[in-house]
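Here are the chains, one letter per residue:
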Amino acid sequence: MALGSDTGGSVRLPASYGGLIGFKPSWGRISRHGLVTYASSLDCVGIIASEMEQVRKVFGLLRDSPGADASLRPRSRPHELRSGRRIAIPREFEAESLATALARLGTMPGVSLHSLSLPASLLADTLPAYYVGAMREAASNLARFRHQPALYGGEAGCFGPEVRRRLRWAAGIPSGVYQQALSIREEIKSTLVGLFQAYDFILMPTASKPPPFLATMPGPNNNDDDGLVDSFAGIRELTGSSAEWACDRFTVPASLAGLPAITLPLHPPTQLDAFIGTQLIGPPQGDEELLQLCQDLLDHQ
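Structure report, in brief. None of these values were measured; they are calculated from a predicted model. (Residues numbered from 1 in each chain as written. Predicted model: local features only at pLDDT ≥ 70, side-chain atom pairs only at ≥ 80, totals over all residues. Heavy atoms only, no water.)

Regarding the packing of helix α4 (residues 120-141) against helix α6 (residues 161-171)
The line we're drawing: Throughout, an axis means a line fitted to C-alpha atoms (over the contacting stretch in the case of helices), and angles, computed between N-to-C directions, take values from 0 to 180 degrees. The helix and strand labels rest on DSSP assignments: H or I over at least four residues marks a helix, E over at least two residues marks a strand, and numbering proceeds from the N terminus. An angle counts as roughly parallel when it lies under 35 degrees, as roughly antiparallel when it exceeds 145, as roughly perpendicular when it falls between 65 and 115, and as oblique in every other case. Here, two residues are considered to be in contact whenever any of their heavy atoms come within 4.5 Å of each other. Residue classes follow a fixed rule: Ala, Val, Leu, Ile, Met, Phe, Trp, Tyr, Cys and Pro count as nonpolar, while Asp, Glu, Lys and Arg count as charged, and any other residue, Gly among them, counts as polar.
Running from N to C, α4 and α6 cross one another at 100°; their axes reach a closest spacing of 8 Å. Taken together, the axis directions place α4 and α6 in an arrangement best described as roughly perpendicular. Where α4 approaches α6, its residues Y131, M135, R136, A138 and A139 are matched on the opposing element by R166, L167, W169 and A170. In terms of residue class, the contact of α4 with α6 is built from seven nonpolar, no polar and two charged.

Here it is as structure tokens:
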């Protein structure tokens, strides 16, 4: 078992790529005291484990624990499931990697599957809204290290090249673009939370493809003026063309909405799809109900 920070998928994607379970709780359910903050409104302490029982036990120990974290949001009341478990499947996110999950869920007592469509604007703007918001928050949170070269910059810095790259980009994002991203984020959150008026869970892949081989990964880019953009349209184009950032397209929606989400390894390890993972998203503060569904799904053969 391991703990990690999940801002836009940094627990779920590694777990998916390793054939493990990766759980991001609802924002505010686990104290972040002691965590180096990246993006305050997105960061969650997540759990990676090989067994569902481990995830549930660790979450039971950590959830709602009082601590020096102003963002802690203890659960006020249990989420009330409908008669049966209604699971929504966005058509835009359907993929062959969901075949095993659909086959199992389709034979589980009390479970019904429902296909639906999401607004095109949500699909187009999710990644740019996430990266604008996360990078601006990160630049603010990490600015306290700016006068510590050993942390903030230089080839020997403790921050890696991708972190430094994002900090440089954040510096060039105008306030108007940041406000636009915040507005879009609220629309995305409203759309996803609204689905839970008719459904209990949402099903989609965790990743768009298997993990890349190291030999295909681009090297670090340390050009200070690389890729600087000053409009939302430019950021949309940039995130759409980046294969690395596109990997987040399935994990970011739950992060923007503060919803609990988990990736499960449902495929046999001999299949390449075993490293894509199946993602289930629960209702606001419906962590316990989501974990119970996952336990039942893994137990159901």
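A look at the sheet that holds strand β4 (residues 85-90)
For clarity, the cut-off: Two strands pair under a simple rule: DSSP has to find at least two bridges between them.
Spatially, eight strands are ordered β1-β3-β2-β7-β8-β6-β4-β5 in an open sheet, and the strand pairing comes out mixed. Among the strands making up the open sheet, the edge pair consists of β1 (2-6) and β5 (111-116). Here the strands of the sheet are splayed against their neighbours by 25° on average, with no regard to which way each runs. Strand contacts of helix α2 (residues 52-62): β1, β2 (21-24), β3 (44-49) and β7 (261-264), with the helix running at about 150° to β3, the strand carrying the most contacts. Of the strands in this sheet, β2, β4, β6 (201-205), β7 and β8 (278-281) touch helix α11 (residues 287-299), which is tilted by about 15° from β7.

Notes on the environment of I276
Put simply, the rule is: Whether a residue is buried, partly exposed or exposed follows from its accessible area with a 1.4 Å probe, protein chains only, as a fraction of its type maximum: under 20%, in between, or over 50%, in that order.
Within the secondary structure, I276 is located in the loop between β7 and β8. By relative accessible area, which is 6% here, I276 ends up buried. Residues I276 and Y17 lie 259 residues apart in sequence; the distance between their C-alpha atoms is 6.2 Å. Each residue touching I276, except ones within four places of it in the same chain, is listed here: S16, S97, P205, T206, A207, K209 and P210.

Some words on the nonpolar core
Keep this limit in mind: Grouping buried Ala, Val, Leu, Ile, Met, Phe, Trp, Tyr and Cys residues that are joined through side-chain atoms within 4.5 Å yields what is termed a nonpolar core.
Ranked by size, the top nonpolar core spans 45 residues in total, and within it Y130, V132, M135, L192, I202, L259 and I281 carry the most contacts. Elements with a contribution of two residues or more to this core: α4, α6, α7 (175-195), β6, α8 (232-241) and α10 (252-257). It is α4 that provides the largest number of residues to this core, a total of ten residues. By size, the runner-up hydrophobic cluster in this structure holds 28 residues, among which are A49, V55, A101 and I262.

Observations concerning the packing of aromatic side chains
Stated formally: Between rings of Phe, Tyr and Trp, where Trp is taken as its six-membered ring, a pair exists when centres lie within 6.5 Å; planes separated by under 30 degrees are stacked, by over 60 edge-to-face, and by other angles tilted.
As enumerated under the stated definition, the model contains three aromatic pairs in all. Judged by centre distance (5.3 Å) and plane angle (90°), the rings of F23 and F59 are edge-to-face. In this pair, F23 sits in strand β2 while F59 sits in helix α2, placing the two residues 36 residues apart along the sequence. Assigned by exposure class, F23 and F59 land together as buried. For the ring pair Y130 and Y131, a centre distance of 4.9 Å and an interplane angle of 75° mean the geometry is edge-to-face. A single burial state applies to Y130 and to Y131, both of which are buried.

Comments concerning α7
The following threshold applies: A helix is expected to span 1.5 Å multiplied by its residue count minus one. For this quantity, the arc is that covered by the directions from the helix axis to the C-beta atoms.
Over its 21 residues, α7 extends 31 Å from the first C-alpha to the last, a length consistent with the 30 Å expected when each residue adds 1.5 Å. All buried positions along α7 are accounted for by V177, Y178, A181, I184, R185, I188, L192 and L195. Seen end-on, α7 carries its buried residues on one side only, within an arc spanning 125°. Counted as exposed and oriented over 90 degrees from the buried face of α7: G176 and S190.

Thoughts on the pattern of salt bridges
Basically, it comes down to this: Just to be clear on terms, a salt bridge is a Lys or Arg side-chain nitrogen sitting within 4 Å of an Asp or Glu carboxyl oxygen.
Inspection of every chain in the model, using the stated rule, returns seven salt bridges. Of the charged contacts, one joins R29 and D287 as a salt bridge, the two residues approaching to 3.2 Å between their closest N and O atoms. Placement of the pair is R29 in the loop between β2 and β3 and D287 in helix α11, with a sequence separation of 258 residues. An identical accessibility class is assigned to R29 and D287; each is buried. Where R29 meets E288, a salt bridge forms, and the shortest distance between an N and an O atom there is 2.8 Å. In this pair, R29 sits in the loop between β2 and β3 while E288 sits in helix α11, placing the two residues 259 residues apart along the sequence. When sorted by exposure, R29 lands in the same class as E288, which is buried. The network of salt bridges with common partners includes R29, R63, R75, D287, E288 and E289.

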